[in-house]
There are 2 protein chains.
Amino acid sequence: MNIILLSGGSGKRLWPLSNDIRSKQFIKMFKNNEGEYESMVQRVYRQIKSVDPDANITIATSKKQVSTINNQLGGRVAVCVEPARRDTFPAIALAAAFLKSEKGVSEDEAVLVCPVDPYVEDSYFEALKELFELAQKGCYRLNLMGVEPTYPSEKYGYIIPEETTHVSKVEEFKEKPSKEAAEQYIGQGALWNCGVFAFKLGYLLEIAHRHINFDSYLDIYSSYEALEKISFDYAVVEHESSIGCLRYSGEWKDIGSWNTFAEEMSETAIGKATLNEACKNTNVINELNIPILCMGCKDMIIAASGDGILVSDKEQSSYIKPYAEVMDTQAMYAEKSWGSYTVLDVNDSSMVIKVVLMPGHRMYYHSHEHRDEVWTIVSGTGTAVIDGEERSVKPGDVITMGAGCRHTIIADSELNVIEVQMGEDISVEDKIKYEL
Amino acid sequence: MNIILLSGGSGKRLWPLSNDIRSKQFIKMFKNNEGEYESMVQRVYRQIKSVDPDANITIATSKKQVSTINNQLGGRVAVCVEPARRDTFPAIALAAAFLKSEKGVSEDEAVLVCPVDPYVEDSYFEALKELFELAQKGCYRLNLMGVEPTYPSEKYGYIIPEETTHVSKVEEFKEKPSKEAAEQYIGQGALWNCGVFAFKLGYLLEIAHRHINFDSYLDIYSSYEALEKISFDYAVVEHESSIGCLRYSGEWKDIGSWNTFAEEMSETAIGKATLNEACKNTNVINELNIPILCMGCKDMIIAASGDGILVSDKEQSSYIKPYAEVMDTQAMYAEKSWGSYTVLDVNDSSMVIKVVLMPGHRMYYHSHEHRDEVWTIVSGTGTAVIDGEERSVKPGDVITMGAGCRHTIIADSELNVIEVQMGEDISVEDKIKYEL
């Protein structure tokens, strides 16, 4: 099956574990069967492949996430990069054009669109496959998945089907109703809209041509920033009369807050943490290298990363957004396509960074205008290129680079490098890239 | 006046801010009149000097604390170093011999002994001065200060005076009574024993000679490890019939737990911290460089340092000791007589340290057998000595030192150095010191 996973914005709802660079879907906090921690993206990828090993997966996302996706999925998915943030319709139109032009998907093939972060059982992806087949049959032009509600939530959209059969035509939609209205809809057999759509590729391209003037994927890509912000619901769903929906009765969770995240943690604590016996209903996620001791904590979530520390009552944690948004933090840790970096120390005119390069990877060949740098290789081997000259590096080697010096390093085995940056005006923007 | 301040063991009751190297009395958490944070030791020193600018202050302590005392009080006090941990009687006997031999105090002069960490108003030190004068007059051989109790505490010792006059002969002592007994003693005019003693120097030296075979301070010092562990109460107080006590009615606090510490904090938070409106009766002390966000925390204390993070209900925090004791942490931050060091990163075979040297100071001239080191000077100037050769250093300079290389650095202005240590067996014990 062809599947487009929409990988959304950064979001600070899971601060300090999510930041401008790392969105919640990349936090490794779920244990897989091998006992290793995986992120939402890794979990969803694994689940899709388990129901359809040949699934053709494309992740639609912003530039910022590309490095992390490559790092976590190692090039096993196609990535369709949105040059700017528009709404869901331009994003899906771009991905549809990408599937046609770049992946050779025919207009008669069905395509599934699904958020990248549902926290669900494998049966959800079985249902997704069924929805894909339904779209491929073509009984309805647009096909949705509806989740059987477990309570009259006021925060979801409701699909009202004509019948309560496994597959039904959709009668109408109700957006975020009151609790009373929600109860009434549920009595009629209504379903939660979980943001999953399926259609034939040609169907969506035709609608896209009505809104956007383009011939190819590259056309949309290059004019993307000028496109109107418009949601898929508004541009497509509202105008469509032929909509079918498939009823899914398994568990489905939208993990968007610390509270829901904590509910799904398989253990009380991840990372170095001690909770005394007086603690109750408390979860700790500690990415720092120092221990956390909790005593008498009740109904709390404690999360620590290089960006900061959250100590919150579980219910209160849902109000985090405005606080996290003004939190004056530099991202202290980032995954890159080539490895990772961690900020160890920040001073007025110096910074210390730990750089980890994965075997076979390298950073950009680059220079800085306003700072000098010193590399100390602490483990691994590789090749440094300094102002055009290659030299092998091993643990204990030190390389000094003045401002203006072009440099990169290529890892043979995993390389750990301590980088000391010195200058009056240290900034991530101060970087000039070159071809090697 | 002559005053011996007893500076006790490390104690983990204020973990993670106190550790094996830094005892609670060195944590800078009280604001002085200039709005700067000062430690208990600094506060007590300042208070003593304000009531008696000529006070002759000696701090009796262990080797471990000497660097920190010099760092915080800058050589303005004498330090009498206990070569090992014995009980209070050997410690006071050693300090008494130190006063006689090293400071030339005559046997007819009075001496005050006081814990280094009472959290009190200046009036307490006025009373101390009065007690000193009482001892100097010689009405009683031993003179104690008694604090008027504010509640029937079960954790203090009680002094029962013969009369409730300002100064009275002591009738008897009662150690940690039940609440009911405490109430009865208070009704009789009993006082809390706050661990303050005053006597003539000759008095104590005579008792010391009865227990210990010595001629001079150096005699006690060199045989110190072999001395019997015995408390001052047991060796002196219990056998003395001529004891007077002075009644002190001001505020007196023994700050030994996070709970009492939090009560004395002048602000809700020290360091980078945000508390939302739903927080109540919660204090934060953050020594880390990253922010702490608290939401809906009630009656809590949150303390973070390079050693770890405590998140505790205030009442529960009094049970911290056994947890803190098993906490597997390396001290990540330490004050030294020459400045400070901070551990930035620890790996299997490397460590990154930030070293700050104060102007005019230097570290020992030393070498390591099992590790190589790289210094990068990030700010300040000074002179490095590497295998006997001197060289000036400035920001940007890099010095590499193989195992066995002798090295030190002397700061002209404040020097900030990033030190990368590399080796299979990195340990603080791996240090050979040399004369420069």
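Heads up: the structure comes first, above all this text.
Residues numbered from 1 in each chain as written. Chains lettered and ligands numbered in written order. Predicted model: local features only at pLDDT ≥ 70, side-chain atom pairs only at ≥ 80, totals over all residues. Heavy atoms only, no water.

Some words on the overall build of chain A
Link 1 in the chain: Along chain A, the regular secondary structure elements total ten helices and 30 strands.
Link 2 in the chain: Over its C-alpha trace chain A gives a radius of gyration of 24 Å, about what one expects of a compact globule, namely 22 Å for 436 residues.
Link 3 in the chain: Its C-alpha atoms give chain A principal-axis dimensions of roughly 70 × 65 × 40 Å.
Link 4 in the chain: Considering chain A as a whole, with its 436 residues, one finds that 57% of them fall into the buried category.
Link 5 in the chain: Here the contacts in chain A between residues at least 6 apart in sequence split such that 65% fall between residues at least 24 apart.
Link 6 in the chain: If you average the places of the 43 positive and of the 66 negative side-chain charges in chain A, the two averages end up 1 Å apart. (Helix = DSSP H or I, 4+ residues; strand = E, 2+ residues; numbered from the N terminus. Rg over C-alpha atoms; globule rule 2.2 N^0.38 Å. Buried < 20%, exposed > 50% of the residue type's maximum accessible area, 1.4 Å probe, protein only. Contact = heavy atoms within 4.5 Å. Lys, Arg positive; Asp, Glu negative; His and termini not counted. Charge placed at Lys NZ, Arg CZ, Asp CG, Glu CD.)

Section: the environment of A:Ser168
Residues and elements named next belong to chain A.
Link 1 in the chain: As for its placement among the helices and strands, Ser-168 is situated in strand β10 (residues 167-174).
Link 2 in the chain: Along the chain, Ser-168 and Asp-299 lie 131 residues apart, while their C-alpha atoms are 42 Å from each other.
Link 3 in the chain: Discounting chain neighbours no more than four positions away, the residues touching Ser-168 are Tyr-140, Pro-161, Glu-162, Glu-163, Ile-243, Gly-244 and Cys-245.
Link 4 in the chain: At 3.0 Å, the side chain of Ser-168 and the backbone nitrogen of Glu-163 are in polar contact. (Polar contact = N/O pair within 3.5 Å; in protein donor to acceptor, adjacent residues only side chain to side chain.)

Concerning the relation of the copies chain A and chain B
The operation relating the two chain copies consists of a rotation about an axis and a shift along that axis.
Link 1 in the chain: Under the fitted operation, chain A is carried onto chain B by 0.1 Å of movement along the axis and a turn of 180°, and the coordinates agree to an RMSD of 0.1 Å. The symmetry that links the two subunits is that of a two-fold axis. Residue A:Leu344, judged by its C-alpha, is the member of chain A lying nearest the rotation axis, at 2.8 Å. (Least-squares fit on C-alpha atoms with pLDDT ≥ 70 in both.)

Topic: the interface of chain A and chain B
By a widespread convention, an interface's size corresponds to the accessible area lost as its parts come together.
Link 1 in the chain: On the side of chain B, 50 residues touch chain A, which itself brings 50 residues to the contact.
Link 2 in the chain: With both chains or domains summed, chain A and chain B bury close to 3,900 Å², and 71% of this area falls on carbon and sulfur atoms.
Link 3 in the chain: When the buried area of chain A at its contact with chain B is split by residue, A:Leu293, A:Met295 and A:Ile309 rank highest and sum to 18% of it.
Link 4 in the chain: At the boundary of chain A with chain B, the tally comes to two salt bridges.
Link 5 in the chain: One salt bridge in this structure joins A:Asp345 and B:Lys354, with 3.0 Å as the shortest N-O distance.
Link 6 in the chain: By residue number, the principal contributor to the side of chain A that touches chain B is strand β19 (residues 308-313) of chain A, which donates six residues.
Link 7 in the chain: Examined bridge by bridge, strand β17 (residues 292-295) of chain A and strand β19 (residues 308-313) of chain B share four bridges and lie parallel to one another. Across the sheet, residue A:Ile292 finds its bridge partner in β19(B), namely B:Ile309. (Buried area = accessible area lost by both parts, 1.4 Å probe. Salt bridge = Lys/Arg side-chain N within 4 Å of Asp/Glu carboxyl O. Pairing = 2+ DSSP bridges.)

Considerations on the environment of B:Ile243
Residues and elements named next belong to chain B.
Link 1 in the chain: Secondary-structure assignment places Ile-243 in strand β12 (residues 243-248).
Link 2 in the chain: With 61 residues separating them along the chain, Ile-243 and Ala-182 place their C-alpha atoms 21 Å apart.
Link 3 in the chain: Not counting the four nearest positions on each side in its chain, Ile-243 is found in contact with Tyr-140, Leu-142, Leu-144, Ser-168, Lys-169, Val-170, Phe-173 and Val-237.

Section: the packing of helix α3 (residues 88-103) of chain B against helix α6 (residues 201-211) of chain B
Residue and element names in this part refer to chain B.
Link 1 in the chain: Interaxial distance between α3 and α6 falls to 10 Å at its minimum, and their mutual angle equals 125°. In terms of their interaxial angle, α3 and α6 are classed as oblique. Helix-helix and strand crossings are classified by hand; for α3 and α6 the assignment is left-handed. For the pair formed by α3 and α6, the contact residues are Phe-89, Ile-92, Ala-93, Ala-96, Ala-97, Leu-99 and Lys-100 on the first element and Leu-201, Leu-204, Leu-205, Ile-207, Ala-208 and His-211 on the second.
Link 2 in the chain: Here the contact of α3 with α6 is composed, by residue class, of eleven nonpolar, one polar and one charged. (Axes fitted to C-alpha atoms, helices over the stretch in contact; angles between N-to-C directions. Parallel < 35°, antiparallel > 145°, perpendicular 65-115°, else oblique. Left-handed = near helix turned anticlockwise from the far one by under 90°. Nonpolar A, V, L, I, M, F, W, Y, C, P; charged D, E, K, R; others polar.)

Quick word on the pairing of strand β17 (residues 292-295) of chain B
Residues and elements named next belong to chain B.
Link 1 in the chain: Across the two faces of β17 the burial is the same, with Ile-292 and Cys-294 and Leu-293 and Met-295 all buried.
Link 2 in the chain: Relative to β17, strand β15 (residues 273-275) is paired through three bridges, and the arrangement is parallel. If you follow Thr-274 over to β17, its bridge partner there is Leu-293.

Comments concerning unusual backbone geometry
Link 1 in the chain: Going from A:Trp15 to A:Pro16, the amide bond is cis rather than trans, its omega being 5°.
Link 2 in the chain: By the element assignment, A:Pro16 lies in the loop between β1 (2-6) and β2 (30-31).
Link 3 in the chain: Positive phi outside glycine occurs at A:Lys176, with the angle close to 25°.
Link 4 in the chain: Here the phi dihedral of B:Asp299 falls at roughly 55°; this positive angle occurs in a residue that is not glycine.
Link 5 in the chain: With respect to the secondary-structure elements, B:Asp299 resides in the loop between β17 and β18 (300-305).
Link 6 in the chain: A relative accessible area of 37% places B:Asp299 in the partly exposed class.

Structural notes on the pattern of salt bridges
Residue and element names in this part refer to chain A.
Link 1 in the chain: As enumerated under the stated definition, the model contains 30 salt bridges over all chains in all.
Link 2 in the chain: Arg-85 serves as the salt-bridge partner of Glu-82, at 3.4 Å between the closest nitrogen and oxygen.
Link 3 in the chain: For Glu-82, a relative accessible area of 5% puts it in the buried group.
Link 4 in the chain: Each of Lys-253, Glu-263 and Glu-264 takes part in one network of salt bridges that share partners.

Re the side chain of B:Asp430
Residues and elements named next belong to chain B.
Link 1 in the chain: Position of Asp-430 among the secondary structure elements: in the loop between β29 (415-422) and β30 (432-434).
Link 2 in the chain: Buried within the structure, Asp-430 lacks any salt-bridge partner; Arg-371 is the closest side chain of opposite charge, at an N-O distance of 4.4 Å.
Link 3 in the chain: Once residues within four sequence positions are removed from consideration, Asp-430 is found in contact with Ser-367, His-368, Glu-369, His-370 and Arg-371.

Some points on helix α3 (residues 88-101) of chain A
Residues and elements named next belong to chain A.
Link 1 in the chain: Here α3 spans 20 Å end to end across 14 residues, near enough to the 20 Å set by a 1.5 Å rise per residue.
Link 2 in the chain: Burial within α3 is extensive, with eleven of its 14 residues counted as buried.
Link 3 in the chain: Every buried residue of α3 is listed here: Phe-89, Pro-90, Ala-91, Ile-92, Ala-93, Leu-94, Ala-95, Ala-96, Ala-97, Phe-98 and Leu-99. (Expected span 1.5 Å × (residues − 1).)

Without other data, these values stay purely geometric and don't point to any function.
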